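Remarks on the overall topology
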Amino acid sequence: MDRKTHLMCPSAEPDGAGATLFGVVLGTPERPETAYLEEARPVTAELLALADPVAPTEMFRFAARCIRTGCAHYDDARDTCRFGEKTVRLAPVVVHQLPRCAIRSSCRWWYQEGAAACQRCPQVVRTCAAGSTEVGRAADPRVA
Ligand code: SF4
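Residues numbered from 1 in each chain as written. Predicted model: local features only at pLDDT ≥ 70, side-chain atom pairs only at ≥ 80, totals over all residues.

Another point: the overall build of the protein. Per the secondary structure count, the protein includes six helices and six strands. Going residue by residue from the N terminus, the α and β elements of the protein occur as β-β-β-α-α-β-β-β-α-α-α-α. Here the C-alpha atoms of the protein give a radius of gyration of 14 Å, agreeing with the 15 Å that 2.2 N^0.38 yields for 144 residues. Projecting the C-alpha coordinates of the protein onto the three principal axes gives extents of approximately 40 × 35 × 30 Å. When each of the 144 residues of the protein is scored for burial, the buried share is 36%. A separation threshold of at least 6 residues defines the contact pool for the protein, and within that pool the share at least 24 residues apart is 73%. (Helix = DSSP H or I, 4+ residues; strand = E, 2+ residues; numbered from the N terminus. Rg over C-alpha atoms; globule rule 2.2 N^0.38 Å. Buried ≥ 20, exposed ≤ 12 C-beta atoms within 10 Å, placed from the backbone. Contact = placed C-beta atoms within 7 Å.)

All right, on to the sheet that holds strand β2 (residues 20–27) then. Reading across from one edge, β1-β4-β2-β3 is the order of the four strands in this open sheet, with antiparallel pairing throughout. Of all the strands in the sheet, the pair left with one neighbour each is β1 (8–12) and β3 (32–42). Sheet twist, expressed as the average angle between the axes of neighbouring strands with direction ignored, equals 30 degrees. In the sheet, β2 pairs with strand β4 (residues 60–65) via four bridges, with the strands oriented antiparallel. By the bridge assignment, V24 is partnered in β4 with F60. (Pairing = 2+ DSSP bridges. Axes fitted to C-alpha atoms, helices over the stretch in contact; angles between N-to-C directions.)

Around the ligand, a shell composed of P10, P99, C101, I103, R104, C107, W109, W110, A117, C118 and C121 is seen. Taken together, the elements giving at least two residues each to the shell around the ligand come down to α4 (108–113) and α5 (115–118). (Near = placed C-beta within 6 Å.)

Taken together, the three bridges between β1 and β4 define a ladder with antiparallel strand orientation. Looking at β4, one finds that M8 is bridged to R65.

Its place among the elements puts Q123 in the loop between α5 and α6 (133–138). When the 22 C-beta atoms within 10 Å are taken as the criterion, Q123 is described as buried. Along the backbone, Q123 and V95 are 28 residues apart, and their C-alpha atoms lie at a distance of 9.7 Å. Apart from residues no more than four positions distant in its own chain, Q123 is found in contact with P32, E33, A91, V94, S132 and V135.

In this structure, P53 follows D52 across a cis peptide bond, with omega equal to 15 degrees. The backbone of R68 shows a phi angle near 50 degrees, a positive value even though the residue is not glycine. By the secondary structure assignment, R68 is in the loop between β4 and β5 (74–75). One non-glycine residue with positive phi stands out, namely D79, at about 45 degrees. On the basis of neighbour count, D79 is assigned to the exposed category, with 10 C-beta atoms found within 10 Å.

As structure tokens, then:
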């Protein structure tokens, strides 16, 4: 079995393939900070409703199957998630000790970038009006 085809995106939508909840976004809109769950949980309608009136992706971190060529961040020639790569290159380290993370064994960013991704991951929010400018640039497929 090719492990790469089973990697999970750590900044996914809740309706992605095999989606699970693995973190809750705390902190402030300007300085979000993910609290990682001890175990990943299934995505349910009740869970999504808890985020109202904001988008679930503003309040929660979801992982879902990396769809590779179906994603604007994927570099097929290098088999690389450019979002993860740019997060490591552009965003600051926010934790020195790796968070206890329920999806690490299947996380694409961990597989690709190692500890450097985990040291920056807590500030990543899929949908955030404020948030880190650097993460915003990393999440923009137009930014090299
Ligand atoms: S980058 Fe690290 S902390 Fe973030 S989801 Fe992946 S394994 Fe977990």
